[in-house]
Amino acid sequence: MTDSNCIFCKIANGDIPSATIYEDDLFRVILDISPAMKGHALILPKNHCHDLTDIEEATAAKALLVASKVEKAMMKVLSCDGVNLLQNTGAAAGQSVFHLHFHLIPRYENDSVTIPWTTLSYADGEANELAAKLKAAL
Ligand code: 5GP
Ligand code: ZN
C-alpha cells in the first residue's frame, strides 16, 4: 500500500525521479539528497510503513539482504573503510520522513561524519531487570 501524501512512497514507486542504485519488487535504494558522505544511500520499501514497528514480514525478511548487497557495492566502488546502517524510529530518534528507510553511510578512517552518544551505566541488577521486562513485552 502507498500513501498519496508521502514523498518516499512517490520516490520508491518511481513517481518522483531519484538517483537509484537498486530496485526490486519490494525496495528502491536511492542516494540521499543531503548526504552525510558521498554515496550515502536510503533503502526505501515500496509499501508505505511508518517505521520499524509496523514493517511487513516480507519487507523485514529482505531488508538486510538488500543492505548487504549495497554495502558490498559501496566498498567496491567508493573504497570506503566501513559503512553505518542506521534507522530512526520517531522524531526523538531523528526521524524526519515518516516512511521507513534505512540509511547506509560510507565511512572512512578519520572522516567528518559524527554519530555520537555519551554512555550511561546500570546499577547492580538493573540490566537484568530491564532485560526481563523487555523480554516479557516481546
Ligand atoms: P531521517 O531523518 O528521517 O532518518 O532521514 C531522512 C533522510 O531523507 C535525510 O537524510 C534526508 O536528507 C533525506 N531526504 C529527505 N527528502 C529527500 C528527497 O526528496 N530525496 C532524497 N533523495 N532524500 C531525501
Ligand atoms: Zn510512504
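As the structure is a prediction and not an experimental result, all values here were calculated from the model. (Residues numbered from 1 in each chain as written. Chains lettered and ligands numbered in written order. Predicted model: local features only at pLDDT ≥ 70, side-chain atom pairs only at ≥ 80, totals over all residues. Heavy atoms only, no water.)

Things to note about the nonpolar core
Then step 1. Membership of the largest hydrophobic core comes to 16 residues, with the highest contact counts inside it found for Val29, Ile43, Val66, Val70, Met74 and Leu104.
Then step 2. When residues of this core are assigned to their parent elements, the largest contribution, five residues, is made by helix α2 (residues 57-78).
Then step 3. Beyond its immediate stretch of four places on either side in the chain, Val70 contacts Val29 and Leu104.
Then step 4. Core analysis: the next-biggest nonpolar cluster, separate from the first, contains eight residues, Phe8, Cys9, Ile30 and Leu44 among them. (Core = buried A, V, L, I, M, F, W, Y, C linked by side-chain atoms within 4.5 Å. Buried < 20%, exposed > 50% of the residue type's maximum accessible area, 1.4 Å probe, protein only. Helix = DSSP H or I, 4+ residues; strand = E, 2+ residues; numbered from the N terminus. Contact = heavy atoms within 4.5 Å.)

Description of the coordination of the zinc ion (ligand 2)
Then step 1. For the zinc ion (ligand 2), the full set of protein donor atoms is Cys6 (SG), Cys9 (SG), His48 (ND1) and His99 (ND1), at a range of 2.0 to 2.3 Å.
Then step 2. Around the zinc ion (ligand 2) sit four donor atoms; with metal-centred angles ranging over 104 to 116°, the donor geometry is tetrahedral.
Then step 3. Written as a sequence motif, the donor residues of the zinc ion (ligand 2) are C-x2-C-x38-H-x50-H. Here His48 lies in the loop between β3 (41-45) and α2 and Cys9 lies in helix α1 (residues 7-12), a separation of 39 residues in the sequence. (Donors = N, O, S within 2.8 Å, 3.2 Å for Na, K, Ca; no water. Tetrahedral: all angles 85-135°; square planar, octahedral: opposite > 155°, others 65-115°.)

Focus: the site of ligand 1
Then step 1. Around ligand 1 there are 16 residues in total, and Asp32, Asn88, Gly94, Ser96 and His103 lie nearest to it.
Then step 2. In this structure, Gly94 approaches ligand 1 through a main-chain N or O atom, which is 2.7 Å from an oxygen atom.
Then step 3. A distance of 2.9 Å separates an oxygen atom of ligand 1 from a polar atom in the side chain of His101.
Then step 4. With the chains in place, 80% of the 520 Å² that ligand 1 exposes on its own is no longer accessible.
Then step 5. Residue contributions to the shell around ligand 1 peak at three residues, all from α1. (Near = heavy atom within 4 Å. Polar contact = N/O pair within 3.5 Å; in protein donor to acceptor, adjacent residues only side chain to side chain. Areas by Shrake-Rupley, 256 points an atom, 1.4 Å probe, with all protein chains shown as cover.)

Thoughts on the environment of Asn128
Then step 1. Its place among the elements puts Asn128 in helix α3 (residues 126-137).
Then step 2. Separated by 39 residues in sequence, Asn128 and Thr89 have C-alpha atoms that sit 25 Å apart.

Here's the deal with the pattern of salt bridges
Side chains carrying opposite charge are able to pair once their charged atoms draw close together.
Then step 1. Enumeration over the complete set of coordinates arrives at five salt bridges.
Then step 2. Where Lys62 meets Asp25, a salt bridge forms, and the shortest distance between an N and an O atom there is 3.9 Å. In this pair, Lys62 is assigned in helix α2 and Asp25 in the loop between β1 (20-23) and β2 (27-31), connecting sequence segments 37 residues apart.
Then step 3. Under the relative-accessibility criterion, Lys62 is labelled partly exposed at 24%.
Then step 4. Connected through salt bridges with shared partners, the residues Glu23, Arg28 and Lys46 form a single ionic network. (Salt bridge = Lys/Arg side-chain N within 4 Å of Asp/Glu carboxyl O.)

A word on the sheet that holds β3
Then step 1. Taken in spatial order, the five strands line up as β1-β2-β3-β5-β4 in an open sheet, and their pairing is antiparallel. The open sheet has two edge strands with one neighbour each: β1 and β4 (82-86). Adjacent strand axes in the sheet meet at a mean angle of 20° when their direction is disregarded. (Pairing = 2+ DSSP bridges. Axes fitted to C-alpha atoms, helices over the stretch in contact; angles between N-to-C directions.)

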